[in-house]
Amino acid sequence: MKSKRIFNMKGLTIKTISTLIILVSFNVIQAQKKNQDAFKNIKYRNIFKEAGYKKEAIDKKLSKAYYDVFEGPNKVYFTVGDTMAYVSDVKNKDARTEGMSYGMMVAVQLDKKEVFDKIWRFSKAYMQHQSGPREGYFAWSLNPVTMKQNSPGSASDGELYYITSLLFASNKWGNDTGINYYKEARRILDAMWKKDGTGNIYNLINTEHKQISFVPEGGGYKWTDPSYHLPAFYEIWVQYAKDGHEQFYKECADVSREFLHKACHPVTGLNADYTEFDGTPHSTKWMPAAFRYDSWRVPMNIAMDYTWYGKDKKWQEDYAKRFQNFLRSKGMDTYEDQFNLDGTTPDFILQAGPVKKLRHSIGLVSTAATASLVNKDKASIDFVHAVWNAKLEPYEDGYFDPYYDGLMHLFSLMHLSGKYQIIVPQSK
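Cut-offs used in this document
Residues numbered from 1 in each chain as written. Predicted model: local features only at pLDDT ≥ 70, side-chain atom pairs only at ≥ 80, totals over all residues. Heavy atoms only, no water. Helix = DSSP H or I, 4+ residues; strand = E, 2+ residues; numbered from the N terminus. Rg over C-alpha atoms; globule rule 2.2 N^0.38 Å. Buried < 20%, exposed > 50% of the residue type's maximum accessible area, 1.4 Å probe, protein only. Contact = heavy atoms within 4.5 Å. Areas by Shrake-Rupley, 256 points an atom, 1.4 Å probe, with all protein chains shown as cover. Lys, Arg positive; Asp, Glu negative; His and termini not counted. Charge placed at Lys NZ, Arg CZ, Asp CG, Glu CD. Phe/Tyr/Trp six-rings, centres within 6.5 Å; stacked < 30°, edge-to-face > 60°. Lys NZ or Arg CZ within 6 Å of the ring centre and 35° of its normal. Pairing = 2+ DSSP bridges. Axes fitted to C-alpha atoms, helices over the stretch in contact; angles between N-to-C directions. Core = buried A, V, L, I, M, F, W, Y, C linked by side-chain atoms within 4.5 Å. Salt bridge = Lys/Arg side-chain N within 4 Å of Asp/Glu carboxyl O. Left-handed = near helix turned anticlockwise from the far one by under 90°. Nonpolar A, V, L, I, M, F, W, Y, C, P; charged D, E, K, R; others polar. Polar contact = N/O pair within 3.5 Å; in protein donor to acceptor, adjacent residues only side chain to side chain. Parallel < 35°, antiparallel > 145°, perpendicular 65-115°, else oblique.

**Q** Explanation requested: the overall build of the chain in the structure shown.
**A** The number of helices and strands found in the chain is 14 helices and seven strands. Its C-alpha atoms give the chain a radius of gyration of 23 Å, near enough to 22 Å, the size a compact globule of 428 residues would have. With the C-alpha coordinates aligned to their principal axes, the bounding extent of the chain is approximately 95 × 50 × 45 Å. When burial is assessed residue by residue, the chain has 54% of its 428 residues classed as buried. Long-range pairs, those at least 24 residues apart, make up 67% of the contacts in the chain between residues at least 6 apart in sequence. A total accessible area of about 19,100 Å² is found for the chain, and carbon and sulfur atoms account for 53% of it. Looking at charge distribution, the chain has the averaged site of its 57 positive side-chain charges lying 8 Å from that of its 49 negative ones.

**Q** Could you clarify how one ought to interpret the packing of aromatic side chains in this entry?
**A** What characterises a pair of aromatic rings is the spacing of the ring centres plus the angle enclosed by the ring planes. Per the counting criterion, the structure on display carries 41 aromatic pairs. Taking the centre distance of 4.2 Å and the plane angle of 25 degrees together, the rings of F138 and Y162 count as stacked. Taken together, the residues F138 in the loop between α5 (113-127) and β4 (141-143) and Y162 in helix α6 (residues 156-173) connect sequence positions 24 residues apart. The exposure classification of F138 matches that of Y162, with both residues buried. Among the aromatic side chains, those forming a connected cluster through ring pairs are Y102, Y161, F168, F233, W308, F411 and Y420. Above the ring of W388, the side-chain terminus of K61 is found at 4.7 Å from the ring centroid. Taking the ring centre of Y137 as reference, the NZ or CZ of K195 above it sits at 5.0 Å.

**Q** Sorry, what's going on with the sheet that holds strand β3 (residues 94-96) here?
**A** Pairing between the strands of a sheet is mediated by backbone hydrogen bonds and can be parallel or antiparallel. One open sheet holds the five strands; their spatial order is β1-β2-β3-β4-β5, and the pairing between them is antiparallel. At either end of the open sheet lies a strand with only one pairing partner, and these are β1 (77-80) and β5 (148-151). Pairwise comparison of adjacent strand axes, ignoring direction, gives a mean angle of 45 degrees for this sheet. Two strands pair when backbone bridges link them, and β3 and β4 are joined in this way by two bridges, in the antiparallel orientation. Opposite R96, over in β4, you have S141 as the bridge partner. Packing of helix α4 (residues 97-109) onto the sheet brings it into contact with β2 (84-89) and β3, and relative to β3 it is tilted by some 60 degrees.

**Q** Explain the pairing of β1 to me, please; I cannot follow it from the model alone.
**A** Within a regular beta strand, the side chains point alternately toward one face of the sheet and then the other, so they alternate between its two faces. Examined bridge by bridge, β1 and β2 share four bridges and lie antiparallel to one another. Across the sheet, the residue bridging to V80 is M84, located in β2. If you look at the hairpin formed by β1 and β2, you'll find three residues sitting between the two strands, and G81 has a positive phi there, around 65 degrees.

**Q** Which parts of the structure should I look at to understand the nonpolar core?
**A** Across soluble globular proteins, you tend to see nonpolar side chains buried next to one another. W237, W308, F411 and I422 are the most contacted members of the largest nonpolar core, which totals 130 residues. Considering every element that reaches this core, the biggest residue donor is α6, with nine residues. Discounting chain neighbours no more than four positions away, the residues touching W237 are L160, I163, T164, L167, L189, I205, K242 and Y249.

**Q** I keep staring at the pattern of salt bridges and nothing clicks. Help me out?
**A** One side chain can pair with another of opposite charge once the charged atoms of both are near each other. Evaluated as defined, the whole model comprises 28 salt bridges. The closest approach of N and O atoms between D318 and R322, which form a salt bridge, is 2.9 Å. Of the two residues, D318 and R322 both sit in helix α11 (residues 313-329), four residues apart, roughly one turn of that helix. Take D318: its relative accessible area is 39%, and that puts it in the partly exposed class. Owing to a relative accessible area of 13%, R322 belongs among the buried residues under this scheme. Taken together, the shared-partner salt bridges in this structure form one network comprising E235, K250, D254, R257, D305 and K311.

**Q** I tried to follow the packing of α5 against helix α7 (residues 181-194) on my own but got confused; where do I start?
**A** Angle between the axes and distance between the axes: these two values describe a pair of packed helices. With their axes 13 Å apart at the nearest point, α5 and α7 run at an angle of 35 degrees to one another. With respect to the hand of their crossing, α5 and α7 are arranged in left-handed fashion. Across the interface between the two elements, K113, F116, D117, W120 and K124 from α5 touch Y181, E184, R187 and I188 from α7. Classifying every residue of the contact of α5 with α7 by side-chain character gives four nonpolar, no polar and five charged.

**Q** Would you mind going over the side chain of E235 with me for this structure?
**A** Take E235: it is sitting in helix α8 (residues 231-240). Of the residues examined, E235 reaches a relative accessible area of 7% and is grouped as buried. At 3.1 Å, the side chain of E235 and the side chain of R257 are in polar contact. In this structure, E235 is in contact with A253, R257, Y309 and K311, ignoring residues within four places of it in sequence.

**Q** When you look at the side chain of Q128 in this model, what are you seeing that I'm missing?
**A** Within the secondary structure layout, Q128 lies in the loop between α5 and β4. Looking at Q128, its side chain comes within polar contact range of the side chain of R187, at 3.3 Å. When near neighbours in sequence (up to four residues on either side) are disregarded, Q128 contacts W120, S123, G136, Y137, F138, R187 and I188.

**Q** Hey, could you run me through the packing of helix α12 (residues 362-370) against helix α14 (residues 404-416) in this one?
**A** Between α12 and α14, whose axes approach to 8 Å, the crossing angle comes to 20 degrees. Here α14 runs roughly parallel to α12, going by the angle between their axes. Like other packed secondary-structure pairs, α12 and α14 cross with a definite hand, here left-handed. Two secondary-structure elements touch here, α12 through I362, G363, S366, T367, A369 and T370 and α14 through D405, M408, H409, S412, H415 and L416. Its residues assigned to classes, the contact of α12 with α14 comprises four nonpolar, seven polar and one charged.

Next up, the structure:
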């Protein structure tokens, strides 16, 4: 009898556990389905269409921008043999994780699988560290002629884009077509969580402040770059990384949104390229703090978060209005590309190319236009017309940047035409 009672109790326990597992699994599946349905219901505005442009013209505009960056005479995408390719900052004669990971994000959004795979194979073969304290991370700059790394250190935004684009590729194309995209994304994330300061290498995210680091090593771990703050990407990791750190990533997304409140000037909306974790400007030995090239990306990142998740709409709408109103006050066709945060002209001009001067840069014209997705003022449509009319071509003095200006322009057109989206697992 005793053994029978024990058997019955064990049977009941197993049955209860099985029931609980089924219920938990059902709830998880239902929660995932609810999130997927929510993602599918997101309205990705085609603001060009709202501005009066025809669908055929919009599609042609986006195709031309892709052609210019990836295929045209001034392209920045170059193949290596039959299976690899890199994106080059041609004026600086290097390949950077910034551009490589941007190229992958463009490719997965526009369903260019071959391009995506070639860039990833090159990144893994020549830029990703396969051993040592930096294992899993990437060298931020490489010489594409010698295939030697210019610097072994990482720029945290590169890994941020690599991970997110790989998760999207996993959702879009699956993991059995030659590259296990999910496994590759997890490798970077899992390696990140093993970085404990050994060799002076740390997590990409400063775990104390829950903010992305400027670089995950040395002193660069102790401050940040506002343009690296992509709360929308953390939300993607919460949903699709499945690495056990979901709560942390969710908190990082919330912290990033709050951080941007502090980093952006209350009147102009401008932010410094680099800041402390409390949002105050951070000057470096190579330049004093100001709104410069990195900062151009912030309005685009905010527009993405606004469209994808909408968790900070009130502040983001106010920010977009302040930012665009400031640029408008400087002249829609004349506003320059570097400012002190109060809107005055900086004494120090960060040089790009052979001539040190301020410009009305197409990169900033492009990202500023994405703020029209957030700004409810009907007058903000002027920024949309401005980017529509912008041309990726040399300035009168010969300066030309098909890499950074080109990628910002392409990203902008993707956002404004509703072609930059959360990629959910594809139905079979």
